[in-house]
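# Remarks on the overall topology
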Amino acid sequence: MCAIMGGYALLQNRLDAKNSSFGRLPVGLTLGRSGITRHPVAGATFVRWEHITAVEVAPHARVRICRGDAEPLEFTAGMFDEHAGLIYNAIRLYAEQPPLRAELSTAEAQRRFESWHRSS
């Protein structure tokens, strides 16, 4: 019985946090030549490519962008794991390959993303 009540308490805390996060949930992510911008409902957070120290896939189709000593940015990639994989691969590619960033905001980057999506 204690285990059930403890599980319920943890679930309720998680639901309370989720329901009170309106305006902070990321709804978009932009990859540009100079960095990444995460767009919540209100405001935006910009991270220069040079400040990204790691890119990780987190549970529940989330991509975590680590940025030195600052708090990591998380982005929910949708309900399907392949969306998280596509976003993860794109961020990691451009974080690790600075010369390729020049193709961002061009048709070349769009073709690259579409080919990844078709092969997933």
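Structural data are supplied above this passage.
Let us look at the structure shown here. Sequence positions are assigned chain by chain, starting from 1 and proceeding in written order. Local features in this predicted model are restricted to residues whose pLDDT is 70 or higher, and side-chain atom pairs enter the listing and the counts only when it is 80 or higher, whereas totals over whole chains, interfaces and linings include all residues. Only hydrogens and water are set aside; all other atoms, that is, all heavy atoms of the structure, feed into the side-chain values.

## Describing the sheet that holds strand β4 (residues 54–58)
Reading across from one edge, β4-β5-β6 is the order of the 3 strands in this open sheet, with antiparallel pairing throughout. Lying at the two open borders of the sheet, with one neighbouring strand each, are β4 and β6 (70–76). Between one strand axis and the next, the sheet turns by 25° as a mean value, whatever way the strands run. At least two DSSP bridges between two strands are needed for those strands to be called paired. Secondary structure elements are defined from DSSP: runs of H or I of at least 4 residues count as helices, runs of E of at least 2 residues count as strands, and each element is numbered from the N terminus. Pairing of strand β5 (residues 62–67) with β6, which is carried by 5 bridges, proceeds in the antiparallel orientation. When the sheet's bridge partners are listed, I65 is paired in β6 with L73. Only the stretch in contact is used when fitting a helix axis, every axis being a line fitted to C-alpha atoms; angles between N-to-C directions are given from 0 to 180 degrees.

## Brief notes about the pairing of strand β2 (residues 35–40)
Residue burial is assigned from relative accessible area. The probe radius is 1.4 Å, only protein chains are included, and a residue is buried under 20% of its type maximum, exposed over 50%, and partly exposed in between. Among the 6 residues that make up β2, 5 are buried, leaving the element largely enclosed by the rest of the structure. Connecting the antiparallel pair β2 and strand β3 (residues 45–48) is a turn made up of 4 residues, with G43 showing a positive phi of about 85°.

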